[in-house]
Amino acid sequence: MRRALFAATAFLALAPIGLPVLAAEDTPETPYVDDRSSADAVVRSLYSAINRHEFARAWGYFGDTKPAKDFDSFVKGYDGTDKVEVETGAVSNEGAAGSIFYNVPVAIRATDKSGGEKVFAGCYTLRQVNAQIQAAPPFDPIHIEKGALKPFTADFEEALPPNCGDGPPPPKKDTALEQAKKAFLATYGDQCDKQFLADEPEVFSIKYKDKNAQPGDPDKETRLFHFSCSAAAYNENSVYYMTDELSAVQQLQFAEPETDIRYENNDSEGKLLSVTVVGFHTTGWATNSDYDPDAHTITTFNKWRGIGDASDSGTYLFRNGDFSLVQYDVDASYDGEENPQTVVDYNTAP
């Protein structure tokens, strides 16, 4: 039986964080988790107990081999630990003589009372004795055999080992998607509605032939990421990011015409006289937008009021690696009907 473990330089206890243990009445409310149904659930249960300062329960998740010479030493090892965050990775297992041994990649971030943080990473080995061969009490549930964690100097989000023992490698990271998420949160994290920030974006792959492609050249690919940001009474705003093999992730900008709108007697409720394009500008916002993967177009539709009788809308066509404005319609008459007029038309020849 092979069991690959990291060197035990930080064996469970977090002794470097040296502040008094919180009194029971001062312990922050942390969810009670006591789950022995899987190896990674046991590890999460261990840190639930530690966060709640229920050290007798934490001690109980270990088998005959304990993490310290005695219980008092185990408790003292957590002096000053305010809270511990834990992440677990892909679990591997192998059987031997009536038992199953599990290897669990683990990363933890320990925070002390003053806010200082330390990150550790490594592997836990757990054992599950076949329940059918345990004929007499006490019953031996799945338990921790050994844990070895090393200090990790990089960010907590990067600390989780890819695998332990003969475990499967983690799924390949979608680097472009992660970059798009970071860019979206960095730019719009304080502007978007909270319920949208945790949502996964829509992701599209656009494959096309470069205009200068030679026969036999492979297709190029551009990836499009659609993030919902905010929703009001009748308009929802989104932002888009794009990337390809050569370009970094960047936010898509939409060209929009600037218009001079004239009404009879300057009364917007009266007769519409003219809509004239006087220039163009760009915006990163797309209102009530949709991407059509068959037509390779993004459409927008901005209602000026709830019934939608006054509005503007754009159509943006993907051509040779970018989106271009090909049509823009404006309905400037507040007449209770939808009757837009096209003010920009690049769908037809001049």
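Residues numbered from 1 in each chain as written. Predicted model: local features only at pLDDT ≥ 70, side-chain atom pairs only at ≥ 80, totals over all residues. Heavy atoms only, no water.

### What to know about the overall build of the chain
1) Next: For the chain, the helix and strand inventory stands at five helices and 17 strands.
2) Next: Here the chain holds 350 residues, and 39% of them are scored as buried.
3) Next: Relative to all contacts within the chain whose residues are 6 or more apart in sequence, the contacts with residues 24 or more apart total 54%.
4) Next: Here the chain has roughly 19,200 Å² of accessible surface; of this, 49% comes from carbon and sulfur atoms. (Helix = DSSP H or I, 4+ residues; strand = E, 2+ residues; numbered from the N terminus. Buried < 20%, exposed > 50% of the residue type's maximum accessible area, 1.4 Å probe, protein only. Contact = heavy atoms within 4.5 Å. Areas by Shrake-Rupley, 256 points an atom, 1.4 Å probe, with all protein chains shown as cover.)

### Quick notes on the nonpolar core
1) Next: Formed by 26 residues in total, the largest nonpolar core has its most connected members in Leu46, Tyr47, Tyr124, Leu126 and Ile144.
2) Next: Secondary-structure elements contributing two or more residues to this core are α1 (39–51), α2 (55–60), β3 (99–112), β4 (117–129) and β5 (143–152).
3) Next: Looking at this core, the element that brings in the most residues is α1, giving seven residues.
4) Next: Other than its neighbours up to four places away in sequence, Leu46 contacts Ala58, Tyr61, Phe62, Tyr124 and Ile144.
5) Next: Phe204, Val275, Phe318 and Val330 belong to the second-largest nonpolar core, a separate cluster that totals 21 residues. (Core = buried A, V, L, I, M, F, W, Y, C linked by side-chain atoms within 4.5 Å.)

### Observations concerning the state of the cysteines
1) Next: Considering all chains together, one arrives at two disulfides under this definition.
2) Next: Note on cysteine connectivity: Cys123 is disulfide-linked to Cys164, with sulfurs 1.9 Å apart. Looking along the S-S bond of the Cys123-Cys164 disulfide, the torsion reads about -85°, which is the left-handed sense. Separated by 41 residues along the polypeptide, Cys123 in strand β4 and Cys164 in the loop between β5 and α4 (175–188) bring together distant segments of the chain. (Disulfide = S-S within 2.5 Å.)

### Details of the side chain of Asp312
1) Next: Along the chain, the position of Asp312 falls in strand β15 (residues 311–319).
2) Next: The side chain of Asp312 is buried and forms no salt bridge, while Lys303, the nearest opposite charge, is found at 13 Å.
3) Next: Engagement of the side chain of Asp312 in a polar contact is seen with the side chain of Trp304, the distance being 2.8 Å.
4) Next: When neighbours within four sequence positions are excluded, Asp312 is seen to be in contact with Thr300, Phe301, Asn302, Trp304, Tyr328, Asp329 and Val330. (Lys, Arg positive; Asp, Glu negative; His and termini not counted. Salt bridge = Lys/Arg side-chain N within 4 Å of Asp/Glu carboxyl O. Polar contact = N/O pair within 3.5 Å; in protein donor to acceptor, adjacent residues only side chain to side chain.)

### Some details on the sheet that holds β15
1) Next: One open sheet holds the five strands; their spatial order is β13-β14-β15-β16-β17, and the pairing between them is antiparallel. The open sheet is flanked by β13 (290–292) and β17 (341–345), the only strands paired with a single partner. With direction set aside, neighbouring strand axes in the sheet form an average angle of 20°. (Pairing = 2+ DSSP bridges. Axes fitted to C-alpha atoms, helices over the stretch in contact; angles between N-to-C directions.)

### A look at the confidence of the model for the chain
1) Next: Mean pLDDT over the chain: 87, with 89% of residues reaching 70 or higher.
2) Next: When the criterion is pLDDT under 50, residues 1–28 qualifies, and its contacts beyond four places in sequence or with other chains add up to 80 contacts. (pLDDT = per-residue confidence, 0-100.)

### Considering the environment of Asn103
1) Next: Among the structural elements, Asn103 can be located in strand β3.
2) Next: Residue Asn103 is classed as buried on the basis of its relative accessible area, which comes to 3%.
3) Next: Residues Asn103 and Gly165, spaced 62 residues apart in sequence, show a C-alpha to C-alpha distance of 6.4 Å.
4) Next: There is a polar contact of 3.1 Å between the side chain of Asn103 and the side chain of Thr125.

### Remarks on the pairing of strand β8 (residues 236–244)
1) Next: Here strand β7 (residues 220–231) pairs with β8 via nine bridges, running antiparallel. By the bridge assignment, Arg223 is partnered in β8 with Thr243.
2) Next: Relative to strand β12 (residues 286–287), β8 runs antiparallel, the two being bridged by two bridges. Each residue of the ladder has a partner; that of Asn237, found in β12, is Thr287.
3) Next: The sheet contact formed by β8 and strand β9 (residues 250–251) spans two bridges and is antiparallel. Of the residues in β9, the one forming a bridge with Tyr241 is Gln251.

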